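If you want the building blocks of each chain, they are given just below.
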Amino acid sequence: MNYLNNKYDVIVVGAGHAGCEAALSCARLGLKVLLATLDVEHIALQPCNPAIGGPAKSTLVREIDALGGEMGLAADATYLQMKTLNSSKGPAVRALRAQSDKRQYSDYMRNVIEKTDNIYLRQACIVELLVSEGKVTGAIDEYGIEYSVNAAILTTGTSLEGRIWVGLQSYSAGRLGEKAAIGLSDSLKRLGLELKKLKTGTPPRVDKRTIDYSKLDIQPGDEVLNFYSFRPDRPVRKQYPCYLTRTNEETHKIIRANLDKSPMFKGLIHGVGPRYCPSIEDKVVRFSENPSHHIFIEPEGLGNYEAYIQGFSSSLPADVQVKMLRTLPGLENAHVIKPAYAVEYDYVPALQTTHSLMSKKIQGLFLAGQINGTSGYEEAAAQGLVAGINAFNYLNGTDMLELDRSSSYTGTLIDDLVTKDIQDPYRMLTSRSEYRLLLRQDNADERLTPIGHKVGLIDDAQYSRFLQKQKNIEREIERLSSTKIPASEEVKSILAKYGEGIERGMRLAELLKRPNINYEVIKELNPETGSLNLTRDVYEQVEIMIKYDGYLRRQTAQVEQAGKLDKFKIPEDIDYMAIEHISSETKEKLDKVRPKTLAQASRIGGVKPADISVLMVLLERHAVARK
């Protein structure tokens, strides 16, 4: 690599989960990418929970894979345990979770980065962004080296002016043992961007050899494995258990007695923390009526003795943390390797970006991950992938990829970020999507693989496999819908085992809609079904689509109804302040977000249905006037 000719198409600042997806997508699409990171040993690090997925997040990972990203492949290659959560519930809330080998995951992703053509890795802190005539032209690092680029993707995580707190002591750092990114915040402010503070935290790590596992409840992985990637031949690895313990009154007593040593309760931390992942002291105060809280003990990897204490995030002093931990059953003699800590950092509220994740003020500047106010590896990776694709589109003058809410959780996530004035770290939840029955983890390939192929990140071989799978699904649904079985004694006998009966001949699809009947029962009733040897991913889709057909049709109709508001395009130069019959507060909100459609305007917090009606009338008049 010739550092004397520092010319690249795009610079990606940060090599966490967002940065890796951004760099890989840009490079695979043919751009020359400079990937700048504070520490090349921490590429795709999992600084908090060493796991991928969980409720809603697993859908994001599947969507990343369907679009041609890497996170699903990395999770499949490095898992210590695979577990499907909510397996007894409906498909909209089922979620895959992979407990990862933290070091192996990072090594896997670094290996992919280093073997990908067009990516140039650089350990450096970027301190200034160069902009000319409203467009990104370059960047400068801490050594004074200037890089010429035409686009920049900022994926700074918690490093931007990061400050760690352990008790009332604090120091500059983005993560434990890693320096903060100093300088870039000031550069962004000079360019006219607004920055605010957020806070997050992580639990302590203990030596797993000092844990008494006989006092813990074991949490095994699944016997029948599921994977994140839709690609074939995923690796089958040995699984390792997690464990469960609980806090008690003694734990809570120690926490309450030391709240005066908490920087959060002393008002020293000004950033807002994650609502759905509070610290243990916050949980004890907010939910004082709860006598106990679940604490999960999870391995960090096979190559070390660290155990992650999930649910025990804290910013209390290190010595207090030891006392708290040793009140937990099984951890009476626990040795703490790393203390819990809180970290406060700068972020750029995403109201300042478009659905493409490009800045509204600076062309060629994209932001992804925690810098946009999100929390979580999966949310970051999904944004990084979209930002990388759109950096390529920007440089090539092609239409931006803007996923809508009805297409994906990724589209929902981005729409929420750029439309709503979010005040705390954003976490993807199934409840955030009004179309969650359509946007399941199991059908992410059906929804997004055609887009990934069109973009250029899904190759022809993978796309052919996808098309064949869809044909197999359609063919089997058609067969089950047309195949009728008689009300014979043999059929009645089989159905009786499952608490079902039959009085007349019925089509197989009609039977499959019954709660007690699944595809395995259909195989038993109809030998032809078993002889087809359909793969599990095919017949599971068939079963879901038949069982939930009525609900799916209803939600599809909701999408079509909502789509009517999307047809009302709002002119870019509209003067909201001049509109009568809507409040000044609403005008300010609309002017700040500047929605592209009436549907987006309707999702802005504080904008009332009456305001949308006024806008609709104005837009209809505008359309007539233009004719």
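This structure is a prediction, so every number in the text was calculated from the model and none was measured.

Asker: Help me understand the overall build of the chain, please; the structure alone is not making it clear to me.
Answerer: Counting its secondary structure elements, the chain contains 21 helices and 23 strands. For the chain, the C-alpha radius of gyration of 26 Å lies close to 25 Å, the compact-globule estimate for 627 residues. Principal-axis analysis of the C-alpha atoms places the extent of the chain at approximately 80 × 80 × 55 Å. Buried residues in the chain amount to 55% of all 627 residues. Summarising the internal contacts of the chain: among those between residues at least 6 apart in sequence, 72% fall at separations of at least 24. By element, 50% of the accessible surface of the chain is carried by carbon and sulfur atoms, the whole surface being about 26800 Å².

Asker: Sorry, what's going on with unusual backbone geometry here?
Answerer: Across residues other than glycine, the phi torsion is negative in most instances, and most of the peptide bonds are trans. The phi angle at Ala-44 is positive, at roughly 50°, despite the residue not being glycine. Counting through the fold element by element, Ala-44 comes out in the loop between β2 (33-37) and β3 (51-53). Phi at Ala-56 is positive, roughly 70°, even though this residue is not glycine. Assignment of secondary structure puts Ala-56 in the loop between β3 and α2 (57-67). By relative accessible area, which is 2% here, Ala-56 ends up buried.

Asker: I would appreciate a short explanation of the nonpolar core in the present structure.
Answerer: For soluble globular proteins, the rule of thumb is that nonpolar side chains tend to be buried together. Counting 76 residues, the largest nonpolar core has Val-33 and Ile-153 as the members making the most contacts within it. By residue number, the principal contributor to this core is helix α9 (residues 377-396), which donates eleven residues. Apart from residues no more than four positions distant in its own chain, Ile-153 is found in contact with Val-10, Ile-11, Val-12, Val-13, Ala-22, Cys-26, Phe-366, Ala-387, Gly-388 and Ala-391. If you look at the next biggest cluster of nonpolar residues, it comprises 26 residues, including Val-13, Val-136, Leu-195 and Leu-365.

Asker: Could you clarify how one ought to interpret the packing of α2 against α9 in this entry?
Answerer: Packed helices, taken two at a time, are described by their axes: the angle between them and the distance between them. Two elements in contact, α2 and α9, have axes separated by 9 Å at closest approach and are oriented at 25°. It follows that α2 is roughly parallel to α9 by the angle criterion. The two elements α2 and α9 cross, and the hand of that crossing is left-handed. Contacts between α2 and α9 involve Lys-57, Leu-60, Val-61, Ile-64 and Leu-67 on the former and, on the latter, Glu-378, Glu-379, Ala-381, Ala-382 and Leu-385. Among the residues making up the contact of α2 with α9, the classes are represented as seven nonpolar, no polar and three charged.

Asker: Would you explain the layout of surface pockets in this entry?
Answerer: One way to see where empty space is left: roll a probe the size of a water molecule over the atoms. The computed volume of the second largest pocket comes to approximately 1300 Å³. Every residue lining the second largest pocket is counted, 40 residues in all, and those nearest its centre are Arg-62, Asn-226, Arg-536, Asp-537 and Glu-540. The set of elements that each furnish at least two residues to the lining of the second largest pocket consists of α11 (444-455), α12 (460-482), α15 (519-525) and α17 (536-547). Classifying every residue of the lining of the second largest pocket gives 14 nonpolar, eleven polar and 15 charged.

Asker: Even after reading the chapter, I still don't get the pattern of salt bridges, so can you show me in this structure?
Answerer: Two side chains of opposite charge can pair, provided their charged atoms sit close to one another. For the structure on display, the rule yields 39 salt bridges. Its salt-bridge partner being Lys-596, residue Glu-402 comes within 3.0 Å of it at the nearest N-O pair. With a gap of 194 residues between them, Glu-402 in the loop between α9 and α10 (409-419) and Lys-596 in the loop between α19 (584-593) and α20 (598-602) connect regions that are remote in the sequence. Of the charged contacts in the structure, one is a salt bridge between Arg-514 and Glu-500, with a shortest N-O distance of 3.1 Å. In this pair, Arg-514 is assigned in the loop between α14 (508-512) and α15 and Glu-500 in the loop between α13 (489-496) and β23 (506-507), connecting sequence segments 14 residues apart. Several salt bridges share partner residues, and in doing so they unite Arg-405, Asp-415, Asp-416, Lys-420, Glu-434 and Arg-603 into one network.

Asker: Got a minute to help me understand the sheet that holds strand β21 (residues 365-367) in this structure?
Answerer: Each strand in a sheet pairs with another by means of backbone hydrogen bonds, the pair being arranged parallel or else antiparallel. Across the sheet, five strands lie side by side as β6-β2-β1-β10-β21; this open sheet has parallel pairing. Of all strands in the sheet, those with a lone pairing partner are β6 (119-123) and β21, marking the two edges. Pairs of neighbouring strands in the sheet enclose a mean axial angle of 20°, with direction left out of account. With three bridges joining them, strand β10 (residues 151-154) and β21 adopt parallel strand pairing. Directly across from Leu-154, in β21, lies its bridge partner Leu-367. Across the face of the sheet, α9 comes into contact with β10 and β21 while running at roughly 165° to β10.

Cut-offs used in this document
Within any chain, residue numbers begin from 1 and follow the written order of that chain's sequence. Per-residue local features of the predicted model are confined to residues with pLDDT of at least 70, and side-chain atom pairs are confined, for both listing and counting, to 80 or more; whole-chain, interface and lining totals are unaffected and use all residues. Based on all heavy atoms of the structure, the side-chain values leave hydrogens and waters out of the count. Secondary structure elements are taken from DSSP: a helix is a run of H or I of four residues or more, a strand is a run of E of two residues or more, and numbering for both begins at the N terminus. We take the radius of gyration over the C-alpha atoms and set the globule estimate at 2.2 Å times the residue count to the 0.38 power. Think of it in three bands: with a 1.4 Å probe and only protein chains considered, a residue is buried below 20% of the maximum accessible area for its type, exposed above 50%, and partly exposed in between. We call two residues in contact when some of their heavy atoms are within 4.5 Å. Note on areas: these come from Shrake-Rupley sampling with a 1.4 Å probe, and a residue is covered only by the protein chains present in the view. By nonpolar core we mean a set of buried residues, namely Ala, Val, Leu, Ile, Met, Phe, Trp, Tyr and Cys, connected to one another through side-chain atoms within 4.5 Å. All axes are obtained by fitting lines to C-alpha atoms, using only the stretch in contact for helices, and the reported angles, taken between N-to-C directions, cover 0 to 180 degrees. Should an angle fall under 35 degrees it is taken as roughly parallel, and over 145 as roughly antiparallel, whereas 65 to 115 is taken as roughly perpendicular and any remaining angle as oblique. Two helices cross in a left-handed way if the nearer one is turned anticlockwise from the farther one by less than a right angle. They cross in a right-handed way if the turn is clockwise. Side-chain classes are defined by residue name, with Ala, Val, Leu, Ile, Met, Phe, Trp, Tyr, Cys and Pro counting as nonpolar, Asp, Glu, Lys and Arg as charged, and the others, Gly among them, as polar. A 1.4 Å probe that fits into a set of points on a 1 Å grid over the protein atoms alone but cannot get out defines a cavity; an open set with protein on both sides within 12 Å along at least five of seven lines defines a pocket, and lining residues are those with an atom within 4 Å of a point. Grid points are joined across faces, edges and corners, and a volume is the space filled by probe spheres set on the points. One speaks of a salt bridge when a side-chain nitrogen belonging to Lys or Arg is within 4 Å of a carboxyl oxygen belonging to Asp or Glu. We call two strands paired when DSSP finds no fewer than two bridges between them.

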